[in-house]
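Okay, here's what each chain looks like letter by letter:
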Amino acid sequence: MKIYKLKNNFKGLKKGTQFYLIAESEFIGVKDFVLRTKDLAVRISINEREMHSNFILMQYL
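A brief look at the structure comes next. (Residues numbered from 1 in each chain as written. Predicted model: local features only at pLDDT ≥ 70, side-chain atom pairs only at ≥ 80, totals over all residues. Heavy atoms only, no water.)

A few words now on the pattern of salt bridges. On inspection of all chains with the given rule, the structure shows one salt bridge. The closest approach of N and O atoms between Lys31 and Glu24, which form a salt bridge, is 3.8 Å. Assessed through its relative accessible area of 24%, Lys31 is described here as partly exposed. (Salt bridge = Lys/Arg side-chain N within 4 Å of Asp/Glu carboxyl O. Buried < 20%, exposed > 50% of the residue type's maximum accessible area, 1.4 Å probe, protein only.)

This paragraph deals with the pairing of strand S3 (residues 30-37). With eight bridges joining them, strand S2 (residues 18-27) and S3 adopt antiparallel strand pairing. Across the sheet, residue Glu24 finds its bridge partner in S3, namely Phe33. Alignment of S3 against strand S4 (residues 43-47), held across five bridges, turns out to be antiparallel. Note that in S4 the partner of Phe33 across the bridge is Ile46. Following S3, the chain reverses through five residues before pairing antiparallel with S4; Leu40 in that reversal takes a positive phi of roughly 65 degrees. (Pairing = 2+ DSSP bridges. Helix = DSSP H or I, 4+ residues; strand = E, 2+ residues; numbered from the N terminus.)

Here the focus is the environment of Tyr20. Along the chain, Tyr20 turns up in strand S2. Under the relative-accessibility criterion, Tyr20 is labelled buried at 18%. It is 8.6 Å that separates the C-alpha atoms of Tyr20 and Val34, two residues lying 14 residues apart in sequence.

This is the structure:
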């Protein structure tokens, strides 16, 4: 499982919040990602552009 860290404030979430990558899908060249906070309280669905501009890969588990 991959862990991502938020680079800057995004959709009401604070910079530095850590997320698990739950799902990654691609349909006709458009990638979507589903992320959950480490405490599993918040779930967000984002596109590839939002992922690369707002998140940093921390580690693989």
